[in-house]
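What follows is the residue order along each chain.
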There are 2 protein chains.
Amino acid sequence: MELKEVIERFKAHQKKMRAYWHALGLLSYDSRTTAPKGSSKGLGPTLEVLSEASYKLSVDEGFVADIDTLMAHKEELDDLTRREAEHLYKEISRMRKIPMEEYVAYEVVRNESETVWHQAKAENNYALFEPYLDKVIDYERRFARYYAPDKPVYDTLLDNYEEGMTTQVLDGYFAQVREKLVPLIHKVAASPVNIREDFTTRSFPIWKQRMVSDYLMDVLTIDKSYCAIGETEHPFTTEFSKYDVRITTNYKETSMASNIFSVIHEGGHALYELNMGEDLTGSVLAGGTSMGIHESQSRFFENYIGRSREFVNYIFPKLQEVFPEQLGDVSAEEFYLAVNKSAPSLIRTEADELTYSLHILIRYELEKQIISGELTAKDLPAAWNKLYEEYLGVCPPDDSQGVLQDVHWSSGGFGYFPSYSIGSAYGAQMLAQMERELDVWGLVAKGNLAPIVGWLTERIYRYGSARKPAEVLDNCVHAPFDPRYYLDYLEKKYTEIYQL
Amino acid sequence: MELKEVIERFKAHQKKMRAYWHALGLLSYDSRTTAPKGSSKGLGPTLEVLSEASYKLSVDEGFVADIDTLMAHKEELDDLTRREAEHLYKEISRMRKIPMEEYVAYEVVRNESETVWHQAKAENNYALFEPYLDKVIDYERRFARYYAPDKPVYDTLLDNYEEGMTTQVLDGYFAQVREKLVPLIHKVAASPVNIREDFTTRSFPIWKQRMVSDYLMDVLTIDKSYCAIGETEHPFTTEFSKYDVRITTNYKETSMASNIFSVIHEGGHALYELNMGEDLTGSVLAGGTSMGIHESQSRFFENYIGRSREFVNYIFPKLQEVFPEQLGDVSAEEFYLAVNKSAPSLIRTEADELTYSLHILIRYELEKQIISGELTAKDLPAAWNKLYEEYLGVCPPDDSQGVLQDVHWSSGGFGYFPSYSIGSAYGAQMLAQMERELDVWGLVAKGNLAPIVGWLTERIYRYGSARKPAEVLDNCVHAPFDPRYYLDYLEKKYTEIYQL
């Protein structure tokens, strides 16, 4: 038997798999950005046919046999091929546990559910969405049990997004977050410091905001030859290859900052994908290694860079140039303070850095109860509102601003939310290391982000999924995960802003 | 043998085929509108994999056997199933004549060629495009010979777009067009009538032009739940189902009319697809029956409706409202005359109604010579410029405004251009019949296009490809094709405008 032949066939099969991911990914991206609203009627049959074909490829007998062969000859493989084989072996062991009809049926349900969620949110009609959410929850639990019958279901779901993550670890993490941040948030609330806000809700025409998005992509060193920006309800990033990355944003006429930090956040995701190693092209390992590491990058750029005084000072003259009437009477420092104002609020994506992790804590608590069966879709709005009242002291006036605000659950993304908070903590730890090696703030003050992106590319981006999350973090900070950097950062920043 | 089972399998297989068309269509649409320019690097492998799968479906042995079975039991089939079987039998007889590797390789070449054409046009660099065009020409001729070894190659290509069309028919048609229109164009050129034009090249901000596009889609009765508008270099329309139609336009800051008539033209194509019969959903016969009939609809709305005095009078107040500075000193009549001004020009898509068919005549002559081998890609720019000089008395200052202006040839669309001119002639004949049955101009004057769209839906749209072009025309006008309506219409209109 020729190992070389097996490897060639194995690589060609990956190319085929990626072709279907590309087509399915584009159908999904398009349906959330460009497609006319009613087009989902025609989308179902196409998703059904292509996801069936994609599933068949991933469990193809010849392919599985090739993977077994490669696993039996691990020591003879180059590093990338070995990691591809290991990765696929794990995936396939899972995939084969799901009956194909259920897999295909769930793809259709997810698509319908997400479409209905868009409508339900727009019309503030949770009842419309409720039966779809119940179906999605049922599928997620069922699939998790297929995957790992002996493991707690929620741990299986967490592992989907962050390999090795467990409820036990997260319970500990969130306890620490709660202990440090809740008193800090109380001190901020009691601070007499008044942050000027009158200009933040002025009218910022959307066609001008589009110019700001373009400018920010340039500052972030995003090459627009390989990255386009689209518009959607709930911004996200998707990639079909390192040559084709799509970020999205949601323009609101009376909230310019919302778009700015959406673009920077999604831009952080995009930088990860755009700076993938060339050697990963066509490999199943092209693409970020985990949701947590991905979020560490989006939050690194959104918060640590984007909301820094240095960055705001750098971009503010451009903002004034685009919006002379709206920002002519505002100083860079006032703008800096406004985009860092902290106050408990209703909408996760618009929450400030300080209160953000409490939004995640709420979702974390609810997800555990949904998955354990303590809560069903019917109970969710009340439970949601109760926790917002309890942790943040605010109560959603309607479900669109409450339980319907996020897209994630509609397509089954249970276990995803915690990665946002973990990502922030990873990012702070990475920043501390970067500060030891680079004049980070001198660079940011000059709008010169290339060396920063280069530093991250060397340590994180170029490896794609060929390194596991813990390896990536270690490669970057030469130490195990430590949330202290995150909590210290927040304490220092908000103590200064609110003169505590 | 159960015929019912065969029919079910036959319908399910069509659904599968449509799924691949949908994905491939979206990949193509996206690459021409939303995708970042450099993304074509990652597109090739995906197109290769999916078009191979699509090709395999269309020549699948079981499917072909089912078609044979259905053809042997034609009299037992319902009308739609019989027409599907006949249509596919013809297609498959052709498809099977092309070796699969060549089919797949050509899909990749077409994609590359079109991408390079975009770049060549932008950079006015014909040399960049030339080798790709030669390859495309070679494939087109080769495939036509595979299809019909005993038929003139150009006739085979014409038949791709308009079933039954021949060089002989077109030679006669264009002779008649030339004979009637050339003297008329000369008389117009000699007319002392001066049409005011100063306002047409004022600055019309693109974000405001987007509002006009939206408004026009509404006037055309286009349901935006099922039809979206994108932006591209050379506008086109594509459809994935009657629930998902995409039109495109190309905004130019100093030419508002260019966008208006693009939207109306593509809107005409869209109306055909949006008003397809519900019974055709999922069938290979969903979609317009021929390029000529499709163009009859785009040109019907663009010219006969869109450039009528009644329509201009109806939309002009809205245009003034959007562009008060640019159009405040202009009357509706001045606007009507400006959008109907006739003068020989360089760009086909911006040509007026009267000179338009001469642009097609030039392409028709060149295509015949390219396909016969008298001309190669290398000779084309000089030959193009010579004919423009000869027929229209204008000479392109560069290839971007000459031979590089149209996308069609870059992806192998030889034989397509004549359908534009034939479409205009069909449309005029349809209009004459509609005028006998409806108060067309009274309706247009009120901006009430629904009865007009309804009339066309009844006679044309709902049948999709379940009726052949000649049947559709006959169903509409109860007479054979007659170009006299087209030529009479032009003579009457331009005699009035230019006071001949």
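Residues numbered from 1 in each chain as written. Chains lettered and ligands numbered in written order. Predicted model: local features only at pLDDT ≥ 70, side-chain atom pairs only at ≥ 80, totals over all residues. Heavy atoms only, no water.

1. Digging into the overall build of chain A
Part 1 of the argument: For chain A, the helix and strand inventory stands at 21 helices and three strands.
Part 2 of the argument: For chain A, whose C-alpha radius of gyration is 23 Å, the value lies close to the compact-globule estimate of 23 Å for 500 residues.
Part 3 of the argument: Counting only C-alpha atoms, chain A reaches 75 × 50 × 45 Å along its principal axes.
Part 4 of the argument: Here chain A holds 54 positive side-chain charges and 78 negative ones, and the gap between their average locations is 1 Å. (Helix = DSSP H or I, 4+ residues; strand = E, 2+ residues; numbered from the N terminus. Rg over C-alpha atoms; globule rule 2.2 N^0.38 Å. Lys, Arg positive; Asp, Glu negative; His and termini not counted. Charge placed at Lys NZ, Arg CZ, Asp CG, Glu CD.)

2. Some thoughts on the sheet that holds strand E2 (residues 237-241) of chain B
Residue and element names in this part refer to chain B.
Part 1 of the argument: Ordered in space as E1-E3-E2, the three strands form an open sheet in which the pairing is mixed. Taken across any chain shown, the strands that pair with only one partner, and hence form the sheet edges, are strand E1 (227-231) and E2. Within this sheet the neighbouring strands show an average axis-to-axis angle of 20°, counted without direction.
Part 2 of the argument: Pairing between E2 and strand E3 (residues 244-249): four bridges, direction antiparallel. What sits directly across from Thr237, in E3, is Ile247. (Pairing = 2+ DSSP bridges. Axes fitted to C-alpha atoms, helices over the stretch in contact; angles between N-to-C directions.)

3. Topic: the confidence of the model for chain A
Part 1 of the argument: The predicted model of chain A has a mean per-residue pLDDT of 95, with 100% of residues at 70 or higher.
Part 2 of the argument: Scored as a complex, the prediction yields pTM 0.87 and ipTM 0.85. (pLDDT = per-residue confidence, 0-100.)

4. Concerning the sheet that holds strand E1 (residues 227-231) of chain A
All names here are of chain A.
Part 1 of the argument: Reading across from one edge, E1-E3-E2 is the order of the three strands in this open sheet, with mixed pairing throughout. On the outer flanks of this sheet lie E1 and strand E2 (237-241), each paired with one strand and no other. The mean angle between the axes of side-by-side strands here comes to 20°, regardless of whether they run parallel or antiparallel.
Part 2 of the argument: Contacting E1, E2 and strand E3 (244-249), helix H10 (residues 256-274) crosses the sheet at an angle of about 165° to E3. (Contact = heavy atoms within 4.5 Å.)

5. Considering the interface of chain A and chain B
Interfaces are often described in size by the accessible area the parts lose on coming together.
Part 1 of the argument: Each side of the interface is counted separately: chain A has 37 residues, and chain B has 37 residues.
Part 2 of the argument: One salt bridge connects Glu48(A) with Lys15(B), and the closest N-O pair in it is separated by 3.6 Å.
Part 3 of the argument: At the boundary of chain A and chain B, one finds nine residue pairs in polar contact (both at pLDDT 80 or more).
Part 4 of the argument: Contributions of two or more residues to the side of chain A that touches chain B are made by helix H1 (3-32), helix H2 (40-58), helix H9 (206-219), E1 and E3 of chain A.
Part 5 of the argument: The biggest single contributor to the side of chain A that touches chain B is H1(A), with 10 residues. (Salt bridge = Lys/Arg side-chain N within 4 Å of Asp/Glu carboxyl O. Polar contact = N/O pair within 3.5 Å; in protein donor to acceptor, adjacent residues only side chain to side chain.)

6. Quick look at the packing of H1(A) against helix H4 (residues 79-95) of chain A
Residue and element names in this part refer to chain A.
Part 1 of the argument: It is the contact of H1 with H4, at a shortest axis distance of 12 Å, that shows an interaxial angle of 60°. Taken together, the axes of H1 and H4 are oblique relative to one another. Regarding H1 and H4, the two cross each other, and that crossing is left-handed. Here Ile7, Phe10, Lys11, Gln14 and Met17 of H1 come into contact with H4, specifically with Leu80, Thr81, Glu84, Ala85 and Leu88.
Part 2 of the argument: In terms of residue class, the contact of H1 with H4 is built from six nonpolar, two polar and two charged. (Parallel < 35°, antiparallel > 145°, perpendicular 65-115°, else oblique. Left-handed = near helix turned anticlockwise from the far one by under 90°. Nonpolar A, V, L, I, M, F, W, Y, C, P; charged D, E, K, R; others polar.)

7. Here's the deal with helix H5 (residues 100-123) of chain A
Part 1 of the argument: Compared with an ideal rise of 1.5 Å per residue, which puts 24 residues at 34 Å, H5(A) spans 35 Å between its outermost C-alpha atoms and is within 8% of the ideal.
Part 2 of the argument: Remark: Asn124(A) follows H5(A) within two positions and exhibits a positive phi of approximately 50°. (Expected span 1.5 Å × (residues − 1).)

8. Re the relation of the copies chain A and chain B
Part 1 of the argument: If you rotate chain A by 180° and push it 0.0 Å along the axis, it lands on chain B with an RMSD of 0.0 Å. The relationship between the two copies is best expressed as a two-fold rotation axis.
Part 2 of the argument: Both copies contact each other with a shared surface, as 100% of the interface residues of chain A are interface residues in chain B too. (Least-squares fit on C-alpha atoms with pLDDT ≥ 70 in both.)

9. Focus on helix H7 (residues 153-161) of chain B
Since the α-helix packs 3.6 residues into each turn, any two residues three or four apart lie on the same face.
All names here are of chain B.
Part 1 of the argument: The element H7 is extensively covered by neighbouring structure, given that eight of its nine residues are classed as buried.
Part 2 of the argument: For H7, the complete set of buried residues consists of Val153, Tyr154, Asp155, Thr156, Leu157, Leu158, Asp159 and Tyr161.
Part 3 of the argument: The secondary structure elements touched by the buried residues of H7 are helix H4 (79-95), helix H6 (126-147), helix H8 (167-190), helix H11 (291-305), helix H15 (353-372) and helix H17 (417-437). (Buried < 20%, exposed > 50% of the residue type's maximum accessible area, 1.4 Å probe, protein only.)

10. Re unusual backbone geometry
Part 1 of the argument: With a phi close to 55°, His478(A) is a non-glycine residue in the positive phi region.
Part 2 of the argument: Inspection of the secondary structure puts His478(A) in the loop between helix H20 (469-477) and helix H21 (484-497).
Part 3 of the argument: Classification of His478(A) by relative accessible area gives exposed; the value is 55%.
Part 4 of the argument: Backbone geometry at Asn124(B) places phi at a positive 50°, although glycine is not the residue there.
Part 5 of the argument: Along the chain, the position of Asn124(B) falls in the loop between helix H5 (100-123) and H6.

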